[in-house]
There are 2 protein chains.
Amino acid sequence: MSEENKEPVSVEQAQDVADQSVVNPWEVTGIVDYGKLIERFGSTPIDDALIARFEKVTGKPAHIWIRRGLFFSHRDLNEVLDKVEQGKPFYLYTGRGPSSDALHFGHLVPFVFTKYLQDAFNVPLVIQMTDDEKFLWKNITLEDCARYTRENAKDIIAIGFDINKTFIFSNLEYVGTMYPNILRIQKCVTGNQVSGIFGFGGSDNIGKHSFPAIQAAPSFSNSFPHIFGDRVDIPCLIPCAIDQDPYFRMTRDVAPRLGYLKPALVHSKFFPALQGYQTKMSASSTDSAVFLTDTREQIKTKINQAFSGGRDTAELQRQFGANLEVDVPYRYLTFFLEDDEKLKDIGDKYASGKMLTGEVKKILIDLLVDMVQRHQEARAAVTEDIVTAFLTPRKLAF
Amino acid sequence: MSEENKEPVSVEQAQDVADQSVVNPWEVTGIVDYGKLIERFGSTPIDDALIARFEKVTGKPAHIWIRRGLFFSHRDLNEVLDKVEQGKPFYLYTGRGPSSDALHFGHLVPFVFTKYLQDAFNVPLVIQMTDDEKFLWKNITLEDCARYTRENAKDIIAIGFDINKTFIFSNLEYVGTMYPNILRIQKCVTGNQVSGIFGFGGSDNIGKHSFPAIQAAPSFSNSFPHIFGDRVDIPCLIPCAIDQDPYFRMTRDVAPRLGYLKPALVHSKFFPALQGYQTKMSASSTDSAVFLTDTREQIKTKINQAFSGGRDTAELQRQFGANLEVDVPYRYLTFFLEDDEKLKDIGDKYASGKMLTGEVKKILIDLLVDMVQRHQEARAAVTEDIVTAFLTPRKLAF
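Residues numbered from 1 in each chain as written. Chains lettered and ligands numbered in written order. Predicted model: local features only at pLDDT ≥ 70, side-chain atom pairs only at ≥ 80, totals over all residues. Heavy atoms only, no water.

From N to C terminus, chain A includes 19 helices and eleven strands. At 21 Å, chain A has a C-alpha radius of gyration in line with the 21 Å of a compact globule built from 398 residues. Referenced to the eigenvectors of the C-alpha coordinate spread, the extents of chain A come out at roughly 65 × 45 × 45 Å. Out of the 398 residues in chain A, the part that is buried amounts to 61%. Separation of charge centres in chain A, based on 45 positive and 52 negative side chains, amounts to 3 Å. (Helix = DSSP H or I, 4+ residues; strand = E, 2+ residues; numbered from the N terminus. Rg over C-alpha atoms; globule rule 2.2 N^0.38 Å. Buried < 20%, exposed > 50% of the residue type's maximum accessible area, 1.4 Å probe, protein only. Lys, Arg positive; Asp, Glu negative; His and termini not counted. Charge placed at Lys NZ, Arg CZ, Asp CG, Glu CD.)

In this section: the interface of chain A and chain B. Across the boundary between the two partners, chain A contributes 33 residues, which contact 33 residues of chain B. For the pairing of chain A and chain B, the buried interface totals around 2700 Å² over both sides, and the portion due to carbon and sulfur atoms is 67%. The three residues of chain A that bury the most area against chain B are A:Tyr179, A:Lys187 and A:Ile206, which together make up 28% of that side's buried surface. In this assembly, chain A and chain B are joined by two salt bridges. In this structure, the salt-bridge partner of A:Glu143 is B:Arg184, at a minimum N-O distance of 3.3 Å. Seen at the junction of chain A and chain B, the total is 17 residue pairs in polar contact (both at pLDDT 80 or more). Looking at the side of chain A that touches chain B, the elements that each hand over two or more residues are α7 (131-137), α8 (142-158), α9 (171-188), α10 (191-198) and α11 (206-216) of chain A. Sort the elements by how many residues they give to the side of chain A that touches chain B and α9(A) lands first, with ten residues. Per-class residue counts for the side of chain A that touches chain B are 14 nonpolar, 13 polar and six charged. (Contact = heavy atoms within 4.5 Å. Buried area = accessible area lost by both parts, 1.4 Å probe. Salt bridge = Lys/Arg side-chain N within 4 Å of Asp/Glu carboxyl O. Polar contact = N/O pair within 3.5 Å; in protein donor to acceptor, adjacent residues only side chain to side chain. Nonpolar A, V, L, I, M, F, W, Y, C, P; charged D, E, K, R; others polar.)

Before going further, it helps to spend a moment on the environment of B:Phe169. Assignment of secondary structure puts B:Phe169 in strand β7 (residues 166-170). Judged by relative accessible area, which is 1%, B:Phe169 ranks as buried.

To continue, consider the domain arrangement of chain A. All names here are of chain A. Domain assignment breaks chain A into domain 1 (3-274) and domain 2 (296-380). Summarising the inter-unit geometry, the C-alpha centres of domain 1 and domain 2 are found 30 Å apart. Listed by partner, the interface residues are 17 residues for domain 1 and 22 residues for domain 2. With both sides pooled, the region where domain 1 packs onto domain 2 buries about 1700 Å², and carbon together with sulfur makes up 65% of that total. By the criterion of area lost to domain 2, the three top residues of domain 1 are Arg 68, Phe 105 and Leu 274, representing 39% of everything that side buries. Across the contact surface, domain 1 and domain 2 share four salt bridges. The salt bridge partner of Glu 151 is Arg 379, with a shortest N-O separation of 2.9 Å. One can count twelve residue pairs in polar contact (both at pLDDT 80 or more) joining domain 1 with domain 2. Of all elements in the fold, only α4 (64-67), α6 (105-121), α8 and β10 (272-273) reach the threshold of two or more residues within the side of domain 1 that touches domain 2. Sort the elements by how many residues they give to the side of domain 1 that touches domain 2 and α8 lands first, with four residues. Looking at the side of domain 1 that touches domain 2 residue by residue, the class counts come to twelve nonpolar, no polar and five charged. (Domains from an automatic or database assignment.)

What follows covers the sheet that holds strand β7 (residues 166-170) of chain A. The strands that make up a sheet pair up through hydrogen bonds in the backbone, lying either parallel or antiparallel. Residues and elements named next belong to chain A. Reading across the sheet, the seven strands line up as β3-β4-β9-β8-β5-β6-β7 and stay open at both edges, with mixed pairing between neighbours. In this open sheet, the two strands that pair with only one neighbour each are β3 (44-45) and β7. The sheet contact formed by strand β4 (residues 71-75) and strand β9 (residues 264-268) spans four bridges and is antiparallel. Directly across from Arg 75, in β9, lies its bridge partner Leu 265. (Pairing = 2+ DSSP bridges.)

Let us look at the packing of aromatic side chains. Tallying each qualifying case throughout the model produces 72 aromatic pairs over all chains. For the pair B:Phe169 and B:Tyr174, a centre-to-centre distance of 5.0 Å together with 55° between the ring planes defines the contact as tilted. A centroid spacing of 6.1 Å and a plane angle of 45° characterise the contact between B:Phe335 and B:Phe336, whose relative ring orientation is tilted. Here B:Phe335 matches B:Phe336 in class, with each residue buried. Among the aromatic residues, those joined into a ring-pair cluster are A:Phe54, A:Trp65, A:Phe71, A:Phe90, A:Phe105, A:Phe113, A:Tyr116, A:Phe121, A:Phe271, A:Tyr332, A:Phe335 and A:Phe336. (Phe/Tyr/Trp six-rings, centres within 6.5 Å; stacked < 30°, edge-to-face > 60°.)

Between chain A and chain B, the superposition needs a rotation of 180° and an axial shift of 0.0 Å, giving an RMSD of 0.0 Å. What the superposition gives is, in effect, a two-fold axis relating one chain to the other. Across chain A, the rotation axis passes nearest the C-alpha of A:Gly176, at a separation of 2.0 Å. Same-surface contact between copies: 100% of interface residues of chain A are shared with the interface of chain B. (Least-squares fit on C-alpha atoms with pLDDT ≥ 70 in both.)

Turning to the sheet that holds strand β3 (residues 44-45) of chain B, a few remarks are in order. Residue and element names in this part refer to chain B. The strand order across the open sheet built from seven strands is β3-β4-β9-β8-β5-β6-β7, with neighbouring strands paired in mixed fashion. The outermost strands of the open sheet, each flanked by one partner alone, are β3 and β7. Across two bridges, the pairing between strand β5 (residues 91-96) and strand β8 (residues 236-241) is parallel. Bridge pairing in β8 links Leu 92 to Leu 237.

All names here are of chain A. Relative to each other, helix α16 (residues 328-336) and helix α18 (residues 357-380) sit at 45°, their axes nearing to 10 Å. The orientation of α16 relative to α18 falls into the category oblique. The two elements α16 and α18 cross, and the hand of that crossing is left-handed. Of the residues in α18, those in contact with Pro 329, Tyr 332, Leu 333 and Phe 336 of α16 are Val 360, Lys 361, Ile 363, Leu 364, Leu 367, Leu 368 and Met 371. Counted by class, the contact of α16 with α18 contains ten nonpolar, no polar and one charged residues. (Axes fitted to C-alpha atoms, helices over the stretch in contact; angles between N-to-C directions. Parallel < 35°, antiparallel > 145°, perpendicular 65-115°, else oblique. Left-handed = near helix turned anticlockwise from the far one by under 90°.)

Quick look at the packing of helix α16 (residues 328-336) of chain B against helix α17 (residues 340-352) of chain B now. All names here are of chain B. Interaxial distance between α16 and α17 falls to 10 Å at its minimum, and their mutual angle equals 165°. What the angle tells us is that α16 and α17 run roughly antiparallel. As for how α16 packs across α17, the hand of that crossing is left-handed. Together, Tyr 330, Leu 333 and Thr 334 of α16 and Leu 343, Ile 346, Gly 347 and Tyr 350 of α17 make up the contact between the two elements. Among the residues making up the contact of α16 with α17, the classes are represented as five nonpolar, two polar and no charged.

Here it is, written out as structure tokens:
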């Protein structure tokens, strides 16, 4: 999966002159109107009734990111809950495009949420590292892509996934096993279709043209014979940022033609860049992101420079209060401050002027520094042997 | 590798209104002027000087198919002979598109010639079974493609390849190992380029667009780590019919950009269909071909119906003689009657009217029946275990 990059201009862009936003796997620009995005993509909002059903089926409170609307859209999540109620299995699939050594906080979002889902449902999880995609799109050697896969896998494992239920795979190593499904998908999709969905053109390399089949293949359970044998009746739920949806619209279009189940999806909003809530955090622009390797000083400097919805002076702030909507530090707190009451209290006080920007930033800095420290400790315990174990095809408990 | 099929119309067609022939991996139609084809493709004729050098380097007489001009064109064969003289290694690469259970006599040509080259040079050989290609282009299930690979492999093994020097591989099984090279090649080739070389359009599936990289990859020695490790300095010689040349023009264009050696080639003419020397024998048209599974009766019927250059009556034939140029049975004899003197004698007598069509056909029928019988005996000795052994990645002697 990908989150950076520029070319090619997607047809999504052409389709959406109205709200000026571009959302595709390689580019997120403009001010994203998530309501409009749901309409444009044809997905379904996660509403209160679905959240209530989710809590009833899992017997647990919904994740804060569902309740706070950060995971805001889905496809066929109800069908997955039906299966759970029927006592039938499903599995989770998510991924990462390993384009550098270090992850930033935005990268955590799908994985933290996926771990929550894995724990809530006790189901197997497959994680695709699209090192092949990064090679095809970026100026990176294959050797570096393979190294990034292992380094990023350490960060992912550090989040706490259960090795008995989790298979992480590098496309560079695993593509052969998925090849029958990749071919079946490729045979169903024309050059015109990938041009339409992803905006590929004649000057794009041929690897890009066929890559969507490689991201689609893990949506079908028989792509993992060591886990599911040749079964094709085990549905897949994909937690991902909304920019990955085009891959899975294509996948869902292809599935019935192959006699396969359509994967279900839950979509997150984008994790905002430091420079402003309408920009997505990017690993290729180090200034736009807080990394899981940043020091306290780096985090402090970055957060203090982050785009604020507070007023220019303490006096004005006390008088008029902050605009939470555009305040990046407050947005980050909505992602990572788990205590609902504390978050509400900060929001109320900050919006009403009882709290200053510096105080909010201080709370966030302490929170992020603490998270980085805990993450680095957990990551340090992830040995090369553990990475190899997670990357080894094997049976999973399900 | 492929030899049947229709769509898509190649640019070769557009380029060659002059001689009306179409020659690409999926279509050979029209009357092929091989001299013009060499000009069009930019290859080099195999001339007497090269044949003499070939015999000097190998210390053996050139194969009858070289001497008789059936292998008529090459790229960089001199460079391969240079390596041999320097005592440096090279390897052979050829292939087969397994689109049905049974091979015909035309399919034997590249393999019989390749075996001759393997024996003459004592070098390793890799044989690609493009079951993935057949799935993408034809209405065949993956399961059948995989089965055809093993069935066709039995015929290939029956030709007598040395298991210590020969690796046969199914793309369905082996693509993962070649994936790094496949990606490197894909990254160098644009959609526009495969449209230009192969005629693919927007309505072709995306698997077709990226497939040329899969046929290209075995041209580079590091695609076979179990044989050559990570060495990229071992040149490759590809014996194939001239219709496969577009793949390797593309490969030779890409090679220097990857720091790899360009593969060398030797090209054969097409094995003619029973209906006429200007049509290529095709496995999808059972009437056009003599199969290695045909009975004596089937062979007799087919050859007796084959297009003849003889006269309509015995009297006219005795008076005017046959036109050897268009006579399909005589053409087949030039492929399979090894005895030069006997062939010349038949040719002289048939052309001058001393021999009748029926007599020539009888000689051919006996020859083919004998070949089929010997082939079937050899094939019957090829067990499933032997097939599996040939298909297993392992070290080869070189």
